[in-house]
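Report on the structure
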Amino acid sequence: MSQAPTSFLENAPVLVRDWATGFLPAPARWFANSLIDIVSILAVFGLLFAFLTLAERKILGRVQNRPGPNRVGWAGWMQPFADGIKMLTKEDVVPIAADRVLHFLAPVVILAFSILTFAVIPFGRNLVPLDLDAAVVYFFAASSSTELAVFMAGWSSHNKYSLFAAMRALAQLVSYELPLLLSFVPVVLATGKLSTTGIVAAQAGWKWGFVPHWLVFTPWGAAGFAIFMVSALAESNRSPFDLPEAESELIAGHLTEYSGFKYAIFFMAEYFGMCALSGMAVTLFLGGWQAPLPALEFIPSYAWFAIKLMALLFGFMWIRATLPRLRIDQLTRLAWKFLVPLALVNLGTTAFWFLSTDWSGPFQAIRWAVAVGLVILPAILLGRSLGSGLGPRTYRYA
Amino acid sequence: MLGTGLLKGLGVTAKNLVGSFYDPKRFVTTQYPEERTKLPEAYRNFPFLVSESPEDPMGTLRCVACQICEKECPPQCIYIEKSRDKKPDANGKMQIYPAVFDIDTAVCMSCQICVEVCPFDAIKMDQVFEIAATDRFTGLLLDRQALAKPNSYFHQIHPTEAEEVDGRLAAARRAAEEKARAAAAAKAAAKAAPPAQPPAEAPKPAP
Amino acid sequence: MNAALILIALATLGTAAVAMAGRNLLHSVILLAATWTGIAVFYLWAGAQFVAFAQVLVYLGAISMVVLFAVLLTRRAREESVAGPELKSRTFFSVLAGLAVAVVLLAAGASAPLAVSSGPAPEVTVRDLGVLLMGPDAAALLVAGVLLTIALIGAVVLAAGSGPDEGEDAP
């Protein structure tokens, strides 16, 4: 490692925390540490959620040749607070036939599990709240438990349209769990660890001094990253997979009967899921908090994490601005007939990659060619079969 | 190949996103109310009364309270009361004027029939639309004080129509003057000519 | 005994009891999900992190969905689904089976040497688990995988062939 671990900015968060907990007696320090971790995650990601909604509206606006919100505060930066006040002061309407307990519990459960997923993401060199041995499994366990809340929301509303929408949402979420989980198995294969800090540490260093060892720069890593991002889009109900919550589909899907703050909580849980999955993608494929060039290591690790996270979130919004929504059958066909086979083939490609690590000299070029071919060829072939039978539309006018 | 259309689409949106900061074609929003879009000349909303001079709007109204527009208005939103006395109009002729001229703009449907039927070019269509009121009944009832606007304003909002109206009125005025001069000349000639002329040869006034 | 273990056990068994005794079928399913979470917490208390996370991932993330879909797609009426035995003999035989299971468990618990060991618990990392699963226990893993695949194929065949509109996904 370079001289970065000793720079002041790098260690500032830990130093501040230790100074604050130094006032407490030694036995209570671990508790205070955890409390400070929790509060800072909630504060940072809460504010990030607020400004992400604004950024999304402004970016979508600019793509659509309009300014986005620009009236509240200078250039609209106070819009999230205006929206927050609106959400808090709206009347909380619960249908009279709804199951009150489940109706109340659904937003609680979804928010709780969404926040739980943040505990294992390494935000910086010394900034991981929980360093677990099986951190990645914990992450996916917590994020797949949010699906139960989606069903609870749809069923407890006592509204058949909400129920249909909840079942469709569930079908979508379960279908895309598979490619999501399969796409990170090659990463575990490569690094031999399930712990997020271990995976980030395994991507350290630079080849030839300037090409980072990030897993996205390998053929199988790039394919895995692409599959992971598509599945993450679907897991967080983002366009083009936002069928469950689109306004033109069964009003608001499983959220139809929620108003005011409960709706805001579902919204928050969706954005938290987006941030957490992007954070995981950064950790697994983009080298976590590591700098891309040795010369840029003076920028603190948490700043690099933030830059990469913002880049991925901007990609999410860019995709939302560009693509139309997929139908439920197109969604599930994409998952089962395209992404799952691709992810399985990717596993094979990774295995080949690691079995051929010590090929020498010109064989390295063959190794790269074979790996790239193994990634691109199935994508083309499967993509052809995905769209087969759906020829160009012929319009016949009367 | 699957995905090429996607990438092309992403390129289009990226061009829009970046271009919206410097290219006016990619940022078509008018920041109302700081900026206003230029309304087309033929845009119309509610009528207004044309007066010749801005210093004395009530005294120089072209309207002579003939009540044709009141009768022709389909939703009957115009209310006119004639005056008891007469005032000279632009040509010097004594005309009655409207003592009360109310238009209920909440009822007016901007059909322009009142403009089409007015023989005196006294009522024309205005382009104002920001007249929101807080009072439901009398807030949008405009009386003749609020409706009277000078001819210069008419030129501002409908230039070609105003030019055409002015030309026509000026030509009518010239024709009237010509006729008056010709009548005066004929009368003088009839007086100067021998009185034994049969009255049948007296020049008849032009119709 | 450890206070945490007592709390976890009470929570798990309590939610399971309420789930089994409840009248509303869907409430029972949600309470069952809480029971599975209790078991995951027990695994965490026992130090088996990987198993705990796998329990949550599999049970809460997948099996609960399966149960919910099954309940929703096979209900006969739209009103409250009442869960209760339909015949008296069923009640009798189910109590008998429960008692038999309880006797077996108590016998196993009483006869096993449950002395508290003085040494530290063995540190089993995920790597050790993986090596075990791929080495000595690989056959069990493969057999379980084959069984699950057969069950899945059977379910798909049953679902596809059982009627005109009995598909897995909602319309």
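What you see is a predicted model; the values in this text were computed from it and never measured. (Residues numbered from 1 in each chain as written. Chains lettered and ligands numbered in written order. Predicted model: local features only at pLDDT ≥ 70, side-chain atom pairs only at ≥ 80, totals over all residues.)

**Brief notes about the overall build of chain C**
Helix and strand counts for chain C come out as six helices and zero strands. Helices (α) and strands (β) of chain C occur, in sequence order from the N terminus, as α-α-α-α-α-α. Each of the 171 residues in chain C was classed as buried or not, and the buried ones make up 14%. Contacts spanning at least 24 positions in sequence make up 49% of the contacts within chain C whose residues lie at least 6 apart. (Helix = DSSP H or I, 4+ residues; strand = E, 2+ residues; numbered from the N terminus. Buried ≥ 20, exposed ≤ 12 C-beta atoms within 10 Å, placed from the backbone. Contact = placed C-beta atoms within 7 Å.)

**Thoughts on the interface of chain A and chain B**
At the interface, 15 residues of chain A touch 13 residues of chain B. Among the secondary structure elements, those contributing two or more residues to the side of chain A that touches chain B are helix H2 (29-63), helix H10 (301-322) and helix H12 (362-386) of chain A. For the side of chain A that touches chain B, the class distribution of residues is nine nonpolar, four polar and two charged. (Nonpolar A, V, L, I, M, F, W, Y, C, P; charged D, E, K, R; others polar.)

**Focus: the packing of helix H11 (residues 328-355) of chain A against H12(A)**
Think of two packed helices as two axes; the pair is described by the angle between the axes and how far apart they sit. Residue and element names in this part refer to chain A. Look at H11 against H12: their axes get within 10 Å of each other, and the N-to-C directions meet at 165°. Classified by the interaxial angle, the pair formed by H11 and H12 is roughly antiparallel. When you trace H11 past H12, the crossing you get is right-handed. Every residue of H12 that contacts H11 at Arg333, Lys337, Phe338, Pro341, Leu342, Val345, Thr349, Phe352 and Trp353 is listed here: Val370, Ala371, Leu374, Val375, Pro378, Ala379, Leu382, Gly383 and Leu386. Grouping the amino acids of the contact of H11 with H12 by side-chain chemistry returns 14 nonpolar, two polar and two charged. (Axes fitted to C-alpha atoms, helices over the stretch in contact; angles between N-to-C directions. Parallel < 35°, antiparallel > 145°, perpendicular 65-115°, else oblique. Left-handed = near helix turned anticlockwise from the far one by under 90°.)

**Looking at the interface of chain A and chain C**
Contacts between chain A and chain C engage 24 residues on the former and 20 residues on the latter. Broken down by secondary-structure element, the contributors of at least two residues to the side of chain A that touches chain C are helix H5 (135-156) and helix H6 (160-191) of chain A. Broken down by element, the residue count for the side of chain A that touches chain C peaks at 11 residues, all from H5(A). Class assignment for the residues of the side of chain A that touches chain C results in 17 nonpolar, three polar and four charged.

**What to know about the nonpolar core**
Ala134(A), Val137(A), Tyr138(A), Met152(A), Ala166(A) and Ala281(A) are the most contacted members of the largest nonpolar core, which has 119 residues in total. Ignoring anything within four residues of it in the chain, the contact list for Ala166(A) reads Val150(A), Phe151(A), Ala153(A), Gly154(A), Trp155(A) and His254(A). Of all hydrophobic cores here, the second largest spans 21 residues; its members include Cys63(B), Val64(B), Tyr97(B) and Phe154(B). (Core = buried A, V, L, I, M, F, W, Y, C linked by C-beta atoms within 7 Å.)

**Concerning the sheet that holds strand E4 (residues 123-125) of chain B**
Residues and elements named next belong to chain B. Spatially, E4-E1-E6 is the arrangement adopted by the three strands of the open sheet, whose pairing is mixed. Of all the strands in the sheet, the pair left with one neighbour each is E4 and strand E6 (148-150). Adjacent strand axes in the sheet meet at a mean angle of 50° when their direction is disregarded. Looking at chain direction, strand E1 (residues 47-51) and E6 are connected through three bridges and run parallel. (Pairing = 2+ DSSP bridges.)

**Some details on the sheet that holds strand E2 (residues 78-88) of chain B**
Two strands in a sheet stick together by hydrogen bonds in their backbones, pointing the same way (parallel) or opposite ways (antiparallel). Residue and element names in this part refer to chain B. In spatial order, the strands read E2-E3-E5; together these three strands make up an open sheet with antiparallel pairing. What marks the edges here is a single partner per strand, and that holds for E2 and strand E5 (141-142). Pairing analysis gives eight bridges linking E2 to strand E3 (residues 94-104), with the strands arranged antiparallel. In the sheet register, Glu81 faces E3, and the bridge partner there is Val100.

**Details of unusual backbone geometry**
Omega for the bond connecting Tyr32(B) with Pro33(B) falls within 30 degrees of zero, at 0°, which places this linkage in the cis form. Among the secondary structure elements, Pro33(B) is positioned in the loop between helix H1 (4-19) and E1. Phi at Ala75(A) is positive, roughly 55°, even though this residue is not glycine. Locating Ala75(A) in the fold gives a position in the loop between H2 and helix H3 (79-89). What makes Ala75(A) partly exposed here is the crowd of 14 C-beta atoms within 10 Å. For Ser110(B), which is not glycine, the phi torsion reads 60° and is therefore positive. Residue placement: Ser110(B) occurs in the loop between E3 and helix H3 (113-117). Accessibility expressed as a C-beta count within 10 Å gives 14 for Ser110(B), which makes it partly exposed.

**Some points on the arrangement of the chains**
Sorting the two pairs of chains in contact by contact count puts chains A and C at the top. Over all C-alpha pairs, chain B and chain C never come within contact, reaching a minimum spacing of 26 Å.

**Observations concerning helix H6 (residues 138-161) of chain C**
In this model H6(C) runs 34 Å from its N-terminal to its C-terminal C-alpha over 24 residues, within 8% of the 34 Å that 1.5 Å per residue would give. A small share of H6(C) lies buried, amounting to zero of its 24 residues. (Expected span 1.5 Å × (residues − 1).)

**Re the packing of helix H2 (residues 25-45) of chain C against helix H3 (residues 49-74) of chain C**
Residue and element names in this part refer to chain C. Following both chains from N to C, one finds H2 and H3 inclined at 170°, their axes separated by 8 Å at the closest point. Comparing the axis directions of H2 and H3 gives the class roughly antiparallel. Taken together, the residues of H3 that come into contact with H2 (itself represented by Leu25, Leu26, Val29, Ala33, Trp36, Thr37, Ile39, Ala40, Tyr43 and Leu44) are Gln49, Val51, Ala52, Gln55, Val56, Tyr59, Leu60, Ser64, Val67, Leu68 and Val71. Of the residues belonging to the contact of H2 with H3, the class tally is 17 nonpolar, four polar and no charged.

**Details of the environment of Val14(A)**
Here Val14(A) shows up in helix H1 (residues 8-21). Distance in space between the C-alpha atoms of Val14(A) and Arg100(A) is 44 Å, their sequence separation being 86 residues.

**Description of the pairing of E1(B)**
All names here are of chain B. The buried fraction of E1 is high, at five of five residues. Both E1 and E4 contribute to a ladder of three bridges, which runs antiparallel. Counted as the bridge partner of Pro47 is Met125 from E4.

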